[in-house]
Amino acid sequence: MKYLKQLAIVFLFCLAGESISFFLPFTFPSTIISLLLMLVCLLCNVIKEDTIKDVSDFLLMNMAFFFIPAGVEIIEHFALIRSILIPFILIAIVSTIAVMLVSAGAVALALKAERRFRK
Amino acid sequence: MMKALFSSPLFAIALSVFAYMAGLWLNRKTHLALFNPLLVAYVIVISFLIVFSIPLEWYEKGGSFIDLFLAPATTVLALTIYRQRSIVRQHLLAVFAGTIAGSIASMGFIWVLSRILNLPEDIAFSLLPKSITTPLAIAVSNSIGGIQAVTVLAVIITGITGNILAPIVFRLFRIKDEIVQGISIGTASHAVGTSKALELGEIQGALSSVAMAISGIITVIVATVVFPA
């Protein structure tokens, strides 16, 4: 029962996100609305961590499993992927390294600024 | 007979679970980032469907049940951020500087590189959210006109790249600070990179997981503003 109740609460957040996204004047992914909604509710003590803890940990721990069908659809795009495979992989790898360096640089600058400010 | 069996939703769910278990097992045995559990699961499921010539629609009868959990799995990322709230408060400026700069740089690089290499627009849109965690990347891809399966593939390649190359990049560029390491791994390579960050240290792991979630949210917001559907 505990799990069903927790699952129902998580689903309620998803439904709330979907309803809000429906009324927004622009397109915005409903799942992010429900995420932000849940975060605000947790931070403001509207819900407690225990209320959703077990089901959330189950979802977080097995997260990757839920993406299998979304990725298997790649079967339908094999020809497309094959035609752009090398630039595709190149962009994926090069941009990952570049982003890591930009992010590291920004954090280093922020830390330096913070230390100077504290002095 | 074959149809009755393979077109049952239970078949797709069972196949996916076993494929994922095999992926987890292989990853644990070999400790190789290349044997990413999700990647292994894909290869197994796709090979199975091809070998037994099972149409994708049959698989999707069960697949759609699994898809149903994408939204809840995304929503509970809130708990990941909530649990790290004290470390975020402690390094507020660093976390936001690293995730905002990284997310914008990621989309900028991808856009420019896709133009230079002349990739079709739908592929470029599919690549744009590739540095963030899969459920958020799928949401972005769908809302800006990408192909979700291509996005998932790009996200996996990104995660594996970050996981393998992060220690090398840190050594090469003499990045030793734990805070810098944690935030940059999470921003560049989401959950798969975070598993490497956890190996580097506790602070790196905590900051990487929170950077993953926050850069994901920033990317969603920036992408939907810059590329409205």
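Conventions used here
Per chain, residues are indexed from 1 in the order of the written sequence. Key to labels: chains lettered from A, ligands numbered from 1, both in the order written. pLDDT decides what is reported in this predicted model: residues at 70 or higher carry local features, side-chain atom pairs at 80 or more are listed and counted, and totals for whole chains, interfaces and linings draw on all residues regardless. Residues are treated as contacting if the C-beta atoms built from their backbones sit within 7 Å of each other. Strands here are runs of E lasting at least two residues and helices are runs of H or I lasting at least four, both read from the DSSP assignment and numbered beginning at the N terminus. Partly exposed residues are those whose C-beta has more than 12 but fewer than 20 other C-beta atoms within 10 Å; with 20 or more the residue is buried, with 12 or fewer it is exposed, and the C-beta atoms are placed from the backbone. Start and end points for every domain follow an automatic or database-based domain assignment. Looking at any residue, its pLDDT shows the predictor's confidence there, from 0 to 100. What makes a nonpolar core is a set of buried Ala, Val, Leu, Ile, Met, Phe, Trp, Tyr and Cys residues, with links drawn between C-beta atoms within 7 Å. Throughout this entry, Asp, Glu, Lys and Arg are counted as charged residues, while Ala, Val, Leu, Ile, Met, Phe, Trp, Tyr, Cys and Pro are counted as nonpolar. The remaining residues, Gly among them, count as polar. Note on definitions: angles span 0 to 180 degrees between N-to-C directions of axes, and those axes are lines fitted to C-alpha atoms, for helices only across the stretch in contact. Roughly parallel means an angle under 35 degrees; roughly antiparallel, over 145; roughly perpendicular, 65 to 115; everything else is oblique. The crossing is said to be left-handed when, going from far helix to near helix, the turn is anticlockwise and less than a right angle, and right-handed when the turn is clockwise. Expected helix span is computed as 1.5 Å times (number of residues minus one).

Q: Can you tell me about the interface of chain B and chain A, naming the residues and giving the values?
A: You'll often see interface size given as the accessible area lost when the parts meet. Taken residue by residue, the interface counts 85 residues in chain B and 62 residues in chain A. Among the elements that make up the side of chain B that touches chain A, the one with the highest residue count is helix α11 (residues 148–172) of chain B (13 residues).

Q: Could you give an account of the environment of L5 of chain B, naming the residues involved and the relevant values?
A: With respect to the helices and strands, L5 of chain B occurs in helix α1 (residues 2–6). Taking the number of C-beta atoms within 10 Å as the measure of exposure, L5 of chain B has 12 and is therefore exposed.

Q: Can you explain the domain arrangement of chain A? Please cite residues and give values.
A: Here the domain parsing of chain A yields domain 1 (1–61) and domain 2 (68–119). Relative to domain 2 of chain A, the C-alpha centre of domain 1 of chain A lies at a distance of 27 Å.

Q: Tell me what's going on with the confidence of the model for chain A, and back it up with residues and numbers.
A: Per-residue pLDDT for chain A has a mean of 93; in total, 100% of the residues score no lower than 70. Mean pLDDT in chain A bottoms out at helix α4 (residues 68–72) of chain A, which sits at 90, and peaks at helix α2 (residues 30–43) of chain A, which reaches 95.

Q: Talk me through the nonpolar core; I want residue IDs and the actual numbers.
A: In terms of nonpolar packing, the biggest core is built from 108 residues, with I68 and V107 of chain A together with A41, A78, L128 and V210 of chain B touching the most fellow members. Per-element tally for this core: the top contributor is α11 of chain B, with 12 residues.

Q: Just give me the short version of unusual backbone geometry, but keep the residues and values in it.
A: All names here are of chain B. Notably, S53 is not glycine yet its phi reads approximately 30°, a positive angle. Tracing the sequence through the fold places S53 in the loop between α3 (37–51) and α4 (56–67). Positive phi values are uncommon outside glycine, yet H190 reaches one of about 35°. Assignment of secondary structure puts H190 in helix α12 (residues 178–200). Taking the number of C-beta atoms within 10 Å as the measure of exposure, H190 has 29 and is therefore buried.

Q: How would you sum up the domain arrangement of chain B? Please name residues and give values.
A: Residues and elements named next belong to chain B. Taken domain by domain, chain B consists of domain 1 (2–68) and domain 2 (77–226). Using C-alpha coordinates to define each centre, domain 1 is positioned 26 Å away from domain 2. At the junction of the two partners, domain 1 supplies 5 residues and domain 2 supplies 6 residues. Of the residues assigned to the side of domain 1 that touches domain 2, the class counts are 4 nonpolar, 1 polar and no charged.

Q: Outline the packing of helix α8 (residues 92–116) of chain B against helix α13 (residues 202–226) of chain B, listing residues and values.
A: Residues and elements named next belong to chain B. Orientation of α8 relative to α13, taken along the N-to-C sense of each, is 50°, at an axis distance of 9 Å. As judged from the angle between their axes, α8 and α13 are oblique. The element α8 and its partner α13 pack so that their crossing is right-handed. Contacts from V95, G98, T99, I100, G102, S103, I104 and M107 in α8 reach V210, A211, I214, S215, I218, T219, V222 and A223 in α13. When its residues are assigned to classes, the contact of α8 with α13 shows 10 nonpolar, 6 polar and no charged.

Q: Describe helix α1 (residues 2–23) of chain A, naming the residues involved and giving the relevant values.
A: Helix length check: α1 of chain A, at 22 residues, gives a terminal C-alpha distance of 32 Å against a target of 32 Å (1.5 Å per residue), a fit within 8%. Lining the buried residues of α1 of chain A we find α2 and α3 (49–61) of chain A together with α5 (70–75) of chain B.

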